[in-house]
Amino acid sequence: MDLEFTAEECQFRAEVREWLAANMPPSPLPSMNTAEGFERHREWERLLAGARLSAVSWPERYGGRGATLIQWLIFEEEYWAAGAPGRVSQNGIFLLAPTLLANGTQEQKDRFLPRIARADDVWAQAWSEPEAGSDLASLRATATPDGAGWRLSGQKTWSSRAAHADWCFGLFRSDPAAPRHKGLTYVLVPLDADGISVRPIAQLDGHPGFAEIFFDDVYVPPGQVLGEPGQGWELAMVTASSERGITLRSPGRFMAAADRLLALASASCRDEAMRAQAVRAWLDADAYRLYAFAAAARLDGGEALGAQASLMKVFWSELDLRLHELALDLLGPRAELAPGAPDAAGEGSWLDGFIFALAGPIYAGTNEIQRTIIAERVLGLPRPGRVRR
Amino acid sequence: MRFAFTEEQRAFGRAVADVLARSCPPEVVRQARADPGVRAGPVWRSVADLGLIGLMVPEEHGGIGGDEILAVTAYEQTGRAALPCPIVETAAVAPVLLTALPDVAQAWLPRIAAGEAVVAVRSPLSPYVLDADVADLLLICEDGTVRATPPGLVELTPQPAVDPARRLFTVKAHDAKRLPRAASPAATAVIGRAVLVGAVLTAAQLLGAGRRLLDDAVAYAGKRRQFGEPVGSFQAVKHRLADALMALEFAAPLVHRAAWTLARWRGAPGEPLTARRDASAAKVAAGEAAGRAARAALQVHGAIGYTSELDLQLWLTRVWSLRAAWGDEAYHRSVLRTALLDGDAPPRPERVP
């Protein structure tokens, strides 16, 4: 067991820190959920890509630099500590790409991965439907064979930034006769394809961060099916475990928030109880950091994360909310100021962060679903007898 | 950076678990509650034969010369078995304290390593001394000094505890001037380290006890049927147990990191920047997680869990006791507040998490 970073790891950290210091935008970018902000974030992704920093753990041929998992965790620590912009390419890099790397053909990897790394294509996720949220397997949108390809019909919703994105990856029912989890196909579709229309939906922060996507007989050639027809659910679970575990939400983000929370508590707070809560929340961020290092060692040793990803998801999402709730408590009357208000000063981002953190227990599978997965698959508690499976 | 135990370290933990499964089943823990002789009896012998008592005694004194990383997997198993013996005090803390009393160390460490001596410790954090009545040697930390005394020179007042397997005493020395003592800046540093070791390995025991409680609750919930279903199939039960697991899973890395910090800085002068923070983090998190597991286990068992019929109470009371031992919550939280809010040291040193 060695908890010291190697010289190589320290060097990588220094390189990332220097690059960020030299290249950070001079002021925060507008929200990526707006048209202007989306494009500004895309430009930022291109800058990262130019330094091979947009997907550090990918092989070089796809735009990465073959970094180890530990190095990727270090990158994320530095990235969030620097206050760098949110990752508009996150769906492509952290959700789709692991599935592509694991299950895509070489042609698909060559075609899509470099474009994801460079933000030439920004991706949206087209899974949820109005009637299929937690019960994703009940989804109704269809993929009907058309020659060698497919025709997609139906409606997807709650798709983050789909109004601005270039492509989407979606799950469609390709075999209505098959059992629910067996008849689904994982499809890659450009959002400017014939028959697609996208309707933005405003979120709690007032920005059009969500969208509905309507598919009206949209043609998809065979090369845009990921894996085999009918294999969609399995592939979606690869994506899901990336989302829940360390890939989408690495500890760096929460460490940065926890450090800022401590600074706020230290500077502004006389209330011992609140100071104690801030300390306890910081400790949870530290625990998550250590857990991720331990998970990286297990992954390096060839183990899969499996249902542990669910433990991680519940933990980081509720930690994030706690950190932000505590910060708002510490801000006193300023807690209700919008980020742009003059008196919000440097602390306005806490409110944005709080509103975003509220989504954490909902996306990537609600925490209610996750707790049930933990109970059934990690602890082995019995499934309910009378529920349809 | 590689945050993982070696196969050798894991194997040692498994070996300890196997031995304790045979030598320390719940019947032995129950017996220990009634019979004061169990603590230094065959169960003590079984862990001595395994090398656990000499684990952290230096080789030149007849021990194995192992470190806290090796110890932490083993001590978790002692918590899981609710071992009714002063193993933290004798096998982990005493070897540290005795570095301040070289002559006493010379005489006693070989006997400790061989499992032939039980040591009781009064730490600066608590006046309550575990198993002083069966101790061969008593080490008293007070005002930056360490004093060693045979028990005959002190008066023991029993302080019955919630866990009857833990016999606590307050201690009064008849004639303090006659006792060997070490009082120097070095003694303060030694006491400081001893407290950290005590806290971290007690935290490991709490993890083990918590996991045992969770396992028992899961087993019970799988068998107990109400309304035609095992109660473990109900969501409220599932979610409570999932939360108990989560607390234990995220406390464990803090305990393991603290063990690493102590092992890494062994023998080096001074105290690593984060040692107190790391030890207190381990104790707070493990205490809370074990407490949550205890609460969940009792709740899932329902009324029968509230009786003394089940073995459950052996672990419930152990958790409640250990949470107050080697630094209670208030003490450790205060260390953390100082380290994180008031200190000069950065919360996260560069090279080491």
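Not measured: the values here are computed from a predicted model. (Residues numbered from 1 in each chain as written. Chains lettered and ligands numbered in written order. Predicted model: local features only at pLDDT ≥ 70, side-chain atom pairs only at ≥ 80, totals over all residues. Heavy atoms only, no water.)

### Overview of the layout of surface pockets
Looking at the second largest pocket, its volume works out to about 800 Å³. Around the second largest pocket, the lining comprises 26 residues; the ones closest to its centre are A:Arg298, B:Phe5, B:Arg10, B:Arg211 and B:His256. Secondary structure elements with two or more residues in the lining of the second largest pocket: α8 (272-300) of chain A together with α1 (7-23), α4 (68-80) and α8 (235-264) of chain B. Per-element tally for the lining of the second largest pocket: the top contributor is α4(B), with 5 residues. (1 Å grid on protein atoms, 1.4 Å probe; cavity = no way out; pocket = protein on both sides within 12 Å on 5 of 7 lines; lining within 4 Å. Points joined across faces, edges and corners; volume = space filled by probe spheres on them. Helix = DSSP H or I, 4+ residues; strand = E, 2+ residues; numbered from the N terminus.)

### Regarding the pairing of strand β5 (residues 184-190) of chain A
All names here are of chain A. Along β5, 7 of the 7 residues are buried, which leaves the element largely enclosed by surrounding structure. Residues of β5 alternate between two faces, with Leu-184, Tyr-186, Leu-188 and Pro-190 on one and Thr-185, Val-187 and Val-189 on the opposite face, all of them buried. One ladder, built from 7 bridges, connects strand β4 (residues 167-173) with β5; its direction is antiparallel. By the bridge assignment for β5, Leu-171 is matched with Tyr-186. Bridging between β5 and strand β8 (residues 225-226) involves 2 bridges; their strand directions are antiparallel. From the neighbouring strand, Tyr-186 faces β8, where its bridge partner is Leu-226. (Buried < 20%, exposed > 50% of the residue type's maximum accessible area, 1.4 Å probe, protein only. Pairing = 2+ DSSP bridges.)

### Points about the interface of chain A and chain B
In this complex, chain A contributes 51 residues to the contact, which on the side of chain B involves 49 residues. Roughly 4900 Å² of surface becomes buried between chain A and chain B when both sides are summed, with 65% attributable to carbon and sulfur atoms. The largest share of the area that chain A buries against chain B comes from A:Met1, A:Leu3 and A:Glu4, three residues that together contribute 18% of it. Our enumeration of links across chain A and chain B arrives at 7 salt bridges. Across the pair B:Asp342 and A:Arg275 runs a salt bridge, and its minimum N-O distance is 3.0 Å. With 16 residues, the single largest contributor to the side of chain A that touches chain B is α8(A). Broken down by class, the residue content of the side of chain A that touches chain B amounts to 30 nonpolar, 5 polar and 16 charged. (Contact = heavy atoms within 4.5 Å. Buried area = accessible area lost by both parts, 1.4 Å probe. Salt bridge = Lys/Arg side-chain N within 4 Å of Asp/Glu carboxyl O. Nonpolar A, V, L, I, M, F, W, Y, C, P; charged D, E, K, R; others polar.)

### Some words on the nonpolar core
Among the nonpolar cores identified, the biggest contains 229 residues, and B:Tyr75, B:Ile87, B:Leu97, B:Ile112 and B:Leu241 are the most heavily contacted of them. Broken down by element, this core gets its largest block of residues, 19 residues, from helix α7 (residues 185-223) of chain B. (Core = buried A, V, L, I, M, F, W, Y, C linked by side-chain atoms within 4.5 Å.)

### Examining the pairing of strand β7 (residues 210-220) of chain A
When a strand is regular, its side chains alternate between the sheet's two faces. Residues and elements named next belong to chain A. Pairing of strand β3 (residues 149-156) with β7, which is carried by 7 bridges, proceeds in the antiparallel orientation. Paired with Ser-153 across the bridge in β7 is Asp-216. Of the strand pairs in this sheet, strand β6 (residues 196-201) and β7 are connected by 6 bridges, and their pairing is antiparallel. Paired with Ser-197 across the two strands is Phe-214, which belongs to β7.

### Describing the environment of B:Glu116
Residues and elements named next belong to chain B. Looking at where Glu-116 falls in the secondary structure, it is placed in the loop between α6 (102-113) and β1 (119-122). Separated by 20 residues in sequence, Glu-116 and Asp-136 place their C-alpha atoms 9.0 Å apart. Not counting the four nearest positions on each side in its chain, Glu-116 is found in contact with Arg-111 and Asp-136.

### Thoughts on helix α7 (residues 251-268) of chain A
Taking 1.5 Å per residue as the helical rise, α7(A) with its 18 residues ought to reach 26 Å, and the 25 Å between its terminal C-alpha atoms agrees with that figure. Those residues of α7(A) not exposed but buried are A:Pro251, A:Gly252, A:Arg253, A:Phe254, A:Met255, A:Ala256, A:Ala257, A:Ala258, A:Leu261, A:Leu262, A:Leu264 and A:Ala265. At its buried positions, α7(A) is contacted by α3 (69-81), α8, α9 (308-331) and α10 (349-359) of chain A together with α11 (329-342) of chain B. (Expected span 1.5 Å × (residues − 1).)

### A few points about empty space enclosed by the protein
All names here are of chain B. Overall, the coordinates contain 3 cavities of 30 Å³ or more when judged by the stated rule. Its volume calculated, the largest cavity comes out at about 100 Å³. If you go around the largest cavity, you meet 17 residues; those closest to its centre are Cys-85, Leu-130, Arg-166, Gln-205 and Leu-322. Looking at the lining of the largest cavity, the elements with two or more residues in it are α5 (87-97), α7 and α10 (312-324).

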